[in-house]
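# A closer look at the structure
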Amino acid sequence: MKAVVIRTPNRAFFSDEADPKVGDGQVLVKVAIAGVCMSDVEVMKGTRPQPYVKYPVIPGHEWCGTVEEVGSGVKRIAPGDRVAVEGHNFCRACAWCSRGETNLCASYSELGFTLPGGFAEYVAVRTDLAHPCGQTLPFEAAAMVEPFACVVHGAQRARIQREDTVAVVGPGTIGLLAVGWAAMSRPARLVAVGLDRSNEAMARKMGATEYLTVQDEPAARVREMTGGAGADVVFEAAGSETAVSLALDLARRGGTVILSGIAGGSRRTFLEADVFALKDLRVEGVFAYTTASFEQALRIIESGKLDVRPLVTHTLPLQEFQKAFDLLSNRPEPVVKVMLRP
């Protein structure tokens with residue numbers, strides 16, 4: 001089969017690889033389409049933390065496809081089924097897995113980082129990671145389940161009311177999906193905050209009622225909108241050290257802040273030590289998603305309540321993976337989600 005293989009940082013090839021073999025309890029999936037994430041770019045550049053990548057690797061953790069073959073013992077999935085594939089190859093035996101916290105499994109293993117991922121023609125995966133979806137669900141939408149699951153996992157910690165003001169910091173893929181998630185609850189205000197206005201149109205399409213840049217003094221502007229209070233719920237998806245402090249500043253006293261962006265282990269944020277207590281904040285850290293969150297994300301997209309397809313701005317053939325990486329790294333034109341098609 002053809003696949004993208006990153007052998008070592010900055011050494012990637014579109015090459016012929018052996019077709020994966022299906023083991024007991026596994027299914028062979030023919031990849032339909034795979035999304036490109038900035039974490040894939042980190043794998044390429046060698047900046048992803050060492051415990052979270054194993055070279056050589058076939059990247060790709062946001063993908064879907066059609067089941068070609070099933071291994072022995074597989075009953076709930078049949079050849080021809082469309083599936084969205086969960087990334088975490090959790091162990092099912094540790095204390096975290098037993099609590100349903102599959103994202104925190106003691107034995108980290110993930111498709112596209114330590115196991116072969118979706119930048120290939122075929123992938124063999126454990127059957128419980130392949131979630132069947134409707135035959136009419138577009139592949140582009142099914143491939144967006146994985147990033148949306150990250151949003152759903154964090155969103156479960158916040159209850160949005162109709163009178164609420166919600167702010168989303170960082171209008172990239174995760175942030176725009178968070179805007180879409182929040183819009184389903186129809187809050188009084190839904191404010192997206194970005195570095196610039198390049199994704200303003202997309203944020204408004206996903207449901208934002210207001211759009212601010214960091215130059216607009218967003219915390220002060222949000223307080224003006226809310227009679228001096230601030231946002232009831234803040235979802236941070238920017239992945240920068242300054243975004244964390246901005247998210248805390250945007251929140252009202254007694255508000256909820258969901259931190260899902262990852263700035264990198266070497267980054268440091270300096271905060272007023274008493275901000276959490278004096279504002280009586282509920283601050284939730286989010287790492288990826290659980291199996292339950294993935295399934296919920298799939299059902300929301302499958303139901304049509306949230307149309308994620310507008311976020312797909314570029315679709316390229318798999319062999320043009322380097323162009324896809326360059327689009328995300330350098331952003332020579334407006335770009336949100338780039339997808340690769342084998």
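How each quantity is defined
- Residues numbered from 1 in each chain as written.
- Predicted model: local features only at pLDDT ≥ 70, side-chain atom pairs only at ≥ 80, totals over all residues.
- Heavy atoms only, no water.
- Axes fitted to C-alpha atoms, helices over the stretch in contact; angles between N-to-C directions.
- Helix = DSSP H or I, 4+ residues; strand = E, 2+ residues; numbered from the N terminus.
- Parallel < 35°, antiparallel > 145°, perpendicular 65-115°, else oblique.
- Left-handed = near helix turned anticlockwise from the far one by under 90°.
- Contact = heavy atoms within 4.5 Å.
- Nonpolar A, V, L, I, M, F, W, Y, C, P; charged D, E, K, R; others polar.
- Buried < 20%, exposed > 50% of the residue type's maximum accessible area, 1.4 Å probe, protein only.
- Polar contact = N/O pair within 3.5 Å; in protein donor to acceptor, adjacent residues only side chain to side chain.
- Pairing = 2+ DSSP bridges.
- Phe/Tyr/Trp six-rings, centres within 6.5 Å; stacked < 30°, edge-to-face > 60°.
- Lys NZ or Arg CZ within 6 Å of the ring centre and 35° of its normal.
- Salt bridge = Lys/Arg side-chain N within 4 Å of Asp/Glu carboxyl O.
- Expected span 1.5 Å × (residues − 1).
- Arc of directions from axis to C-beta.
- Disulfide = S-S within 2.5 Å.

### Overview of the packing of helix α4 (residues 145-155) against helix α5 (residues 173-183)
At a minimum axis separation of 9 Å, α4 and α5 run at an interaxial angle of 55°. Compared by their axis directions, α4 and α5 come out oblique. α5 is crossed by α4, and the crossing has right-handed handedness. Contact with α4, carried on its side by Pro147, Phe148, Cys150, Val151 and Ala155, involves Thr173, Ile174, Leu177, Ala178 and Trp181 of α5 and no other residues of that element. Of the residues contributing to the contact of α4 with α5, the split by class is 9 nonpolar, 1 polar and no charged.

### Quick word on the side chain of Glu236
Along the chain, Glu236 turns up in strand β11 (residues 231-236). For Glu236, a relative accessible area of 1% gives the class buried. One polar contact links the side chain of Glu236 to the main-chain amide nitrogen of Gly261, over a distance of 3.3 Å. In this structure, Glu236 is in contact with Val169, Ala243, Ala247, Ile258, Leu259, Ser260 and Gly261, ignoring residues within four places of it in sequence.

### Here we look at the pairing of strand β6 (residues 122-126)
Counting buried positions over the 5 residues of β6 gives 4, a clear majority of the element. Bridging between strand β3 (residues 26-36) and β6 involves 5 bridges; their strand directions are antiparallel. Bridging across to β6, Val27 finds its partner in Val125.

### So, the environment of Trp181
Looking at the secondary structure, you find Trp181 in helix α5. The class of Trp181 is buried, set by a relative accessible area of 10%. For the pair Trp181 and Ala18, spaced 163 residues apart in the sequence, the C-alpha separation amounts to 40 Å. Discounting chain neighbours no more than four positions away, the residues touching Trp181 are Phe148, Val151, Ala155, Ala158, Ile160, Phe235 and Leu306.

### Section: the sheet that holds β11
Strands sit in the order β10-β9-β8-β11-β12-β13 across an open sheet of 6 strands; the sheet is parallel. With one partner strand each, in any of the chains shown, β10 (210-213) and β13 (282-285) form the two edges of the open sheet. Pairs of neighbouring strands in the sheet enclose a mean axial angle of 15°, with direction left out of account. Direction of pairing for strand β9 (residues 189-194) relative to β10: parallel, over a ladder of 4 bridges. Within β10, the residue paired with Val191 across the bridge is Glu210.

### A look at the packing of aromatic side chains
For any pair of aromatic rings, geometry is given as the distance between the ring centres together with the angle between the planes. Under the defined criterion, the tally for this structure stands at 5 aromatic pairs. For the pair Tyr289 and Phe294, a centre-to-centre distance of 5.6 Å together with 40° between the ring planes defines the contact as tilted. In this structure, Tyr289 and Phe294 share a single accessibility class: buried. Linked through ring pairs, Phe119, Phe321 and Phe325 together constitute an aromatic cluster. Arg48 extends its terminal NZ or CZ atom over the ring of Phe113, reaching a point 3.8 Å from the ring centre. Taking NZ or CZ as reference, Arg126 lies 4.9 Å from the ring centre of Phe90, over its face.

### Quick word on the pattern of salt bridges
All told, the structure shown has 16 salt bridges when counted by the stated rule. Linking Glu17 and Arg7 is a salt bridge whose minimum nitrogen-to-oxygen distance equals 3.3 Å. In this pair, Glu17 is assigned in the loop between β2 (11-16) and β3 and Arg7 in strand β1 (residues 2-8), connecting sequence segments 10 residues apart. Exposure remark for Glu17: the relative accessible area of 25% places this residue in the partly exposed category.

### So, helix α10 (residues 291-303)
In this model α10 runs 18 Å from its N-terminal to its C-terminal C-alpha over 13 residues, within 8% of the 18 Å that 1.5 Å per residue would give. For α10, the complete set of buried residues consists of Ser293, Phe294, Ala297, Leu298, Ile300 and Ile301. For α10, the arc enclosing every buried residue in end-on projection is 165°, short of the 170-degree limit, so these residues lie on one face. In this fold, the buried residues of α10 make contact with β5 (82-85), β7 (130-133), α3 (139-142) and α4.

### Details of the packing of α4 against α10
Axis separation between α4 and α10 bottoms out at 8 Å; the angle between their running directions is 115°. With respect to each other, α4 and α10 are oriented roughly perpendicular. When the axes of α4 and α10 are compared, the crossing they make is right-handed. For the pair α4 and α10, contact is made by Val145, Glu146, Phe148, Ala149, Val152 and His153 and by Ser293, Phe294, Gln296, Ala297, Leu298, Ile300 and Ile301, respectively.

### Section: the state of the cysteines
The final tally for this structure, using the stated rule, is 0 disulfides. In this model Cys91 remains outside any disulfide bridge; the closest cysteine sulfur is found in Cys105, 3.5 Å from its own. No disulfide involves Cys97; its sulfur sits 3.7 Å from that of Cys94, the nearest cysteine. Residue class for Cys97 comes out buried when judged on its relative accessible area of 11%.

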